[in-house]
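Residue-level structure breakdown
Chain by chain, the residues:
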Amino acid sequence: NVDLYGNTAPVTMFDAMGVPVALGTDWVPSGSMNLLRELRCADSLNKKYYGKHFADVDLWRMVTANAASAVGAAHVIGSLKAGYVADIAIYNGATRRDHRAVIDGGVEDVVLVMRGGKALYGDKALMEDAVIGASDCEDFATDVCGVSKKACVGKDIGGVTLGGSNGGFRFFEFF
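The model shown is predicted, which means the values in this text are computed figures rather than measured ones.

1. Regarding the overall build of the protein chain
When its secondary structure is counted, the protein chain shows 8 helices and 5 strands. Going from N to C terminus, the protein chain has its helices and strands arranged as α-α-α-α-α-β-α-β-β-α-β-β-α. In the protein chain, which comprises 175 residues, the proportion classed as buried is 30%. Restricting to contacts in the protein chain with at least 6 residues of sequence separation, those with at least 24 account for 41%.

The following block contains the structure:
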């Protein structure tokens, strides 16, 4: 949106006034294809134009707790708390630590995705662990940046699988 419209919101002023700032995706023509890319864009904007006003934890909160609050759902999502919906994404922290593992992360760094506490996607070795309980999910035909992955498409959607066993639909990998 900054590319299209210029300065769309005085986010540093809002932050200084104590207004929570949230970040999300809107559409591909002017935004990003996923939240990770949107987060990297915000990080770049923060470094280049905002004098690093926002700390890494601030950027991370924009896509978690602040975003949940912005849509009126902070009582069930946006934080890891007992009683909250367990929608969780775990990133590889081998080369980047703490919030940087997410801010600088790419699709290849996504180790596990859970919705409602159930594994939907992740590294094959992790998904096949009995604790995760997703060994019956489908293998990807090809590795994602050198890592074997599994996705629970059939269990999640019902009848649609990575292999297209629903009578003609084919799930394509966009990585």
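2. Concerning the side chain of N66
Summarising the element assignment, N66 is placed in helix 5 (residues 65–70). Those residues in contact with N66 that sit more than four places away from it in its chain are P20, V21, A22 and R61.

3. Brief notes about the side chain of E38
Tracing the backbone through its elements, the reader meets E38 in helix 3 (residues 35–49). Buried and unpaired, E38 has no salt bridge, with R37 as the nearest side chain of opposite charge at 7.5 Å. Other than its neighbours up to four places away in sequence, E38 contacts L23, G24, T25, G31 and S32.

4. Considerations on the sheet that holds strand 1 (residues 88–91)
Taken in spatial order, the 5 strands line up as 1-2-3-5-4 in an open sheet, and their pairing is antiparallel. Edge positions in the sheet fall to strand 1 and strand 4 (138–139), since each of these pairs with one other strand and no more. Where strand 4 and strand 5 (residues 149–151) come together, 2 bridges link them in antiparallel fashion. Looking across to strand 5, one finds that E138 is bridged to A151.

5. What about the nonpolar core?
The biggest cluster of nonpolar side chains holds 18 residues, and the ones touching the most others in it are L23, L39, L59, M62 and Y121. Those elements that provide at least two residues to this core are helix 3, helix 4 (56–62) and helix 6 (100–103). Among the elements that take part in this core, helix 3 stands out by supplying 3 residues, more than any other. Grouped together as the second largest cluster of nonpolar side chains are 8 residues, M114, L120, M127 and C137 included.

6. Topic: the confidence of the model for the protein chain
Low pLDDT marks regions whose predicted coordinates should not be analysed in detail. With 87% of its residues at a pLDDT of 70 or more, the protein chain has an overall mean of 85. Mean pLDDT values for the elements of the protein chain range from 70 in helix 1 (residues 2–5) up to 96 in helix 4. Between residues 166–175, whose pLDDT stays under 50, and residues either more than four places distant or in other chains, the model counts 17 contacts.

7. Overview of the pairing of strand 2 (residues 110–115)
Sheet topology places strand 1 next to strand 2; 4 bridges connect them, and they run antiparallel. When the sheet's bridge partners are listed, I90 is paired in strand 2 with L112. Bridge count between strand 2 and strand 3 (residues 118–123): 4 bridges; the pairing is antiparallel. Directly across from L112, in strand 3, lies its bridge partner G122. Here strand 2 hands over to strand 3 after 2 residues, with G116 in that stretch at a positive phi of 60°.

8. Digging into helix 3
When the terminal C-alpha atoms of helix 3 are compared, their 21 Å separation across 15 residues agrees well with the 21 Å that a helix rising 1.5 Å per residue should span. Buried within helix 3 we find L36, E38, L39, A42, D43, L45 and N46. The N-cap of helix 3, judged by a side-chain oxygen 3.1 Å from the amide nitrogen of L36 a few residues on, is N34. Backbone geometry just downstream of helix 3 places G51 in the positive-phi region, at approximately 60°.

9. Focus: unusual backbone geometry
We note that K52 has phi near 55°; this positive angle belongs to a residue other than glycine. Here K52 shows up in the loop between helix 3 and helix 4. Look at K52 and you get exposed, because its relative accessible area is 60%. If you check the backbone angles, D98 has positive phi at about 50° while not being a glycine. When you line up the elements, D98 lands in the loop between strand 1 and helix 6.

Thresholds applied
Residues numbered from 1 in each chain as written. Predicted model: local features only at pLDDT ≥ 70, side-chain atom pairs only at ≥ 80, totals over all residues. Heavy atoms only, no water. Helix = DSSP H or I, 4+ residues; strand = E, 2+ residues; numbered from the N terminus. Buried < 20%, exposed > 50% of the residue type's maximum accessible area, 1.4 Å probe, protein only. Contact = heavy atoms within 4.5 Å. Lys, Arg positive; Asp, Glu negative; His and termini not counted. Salt bridge = Lys/Arg side-chain N within 4 Å of Asp/Glu carboxyl O. Pairing = 2+ DSSP bridges. Core = buried A, V, L, I, M, F, W, Y, C linked by side-chain atoms within 4.5 Å. pLDDT = per-residue confidence, 0-100. Expected span 1.5 Å × (residues − 1). Polar contact = N/O pair within 3.5 Å; in protein donor to acceptor, adjacent residues only side chain to side chain.

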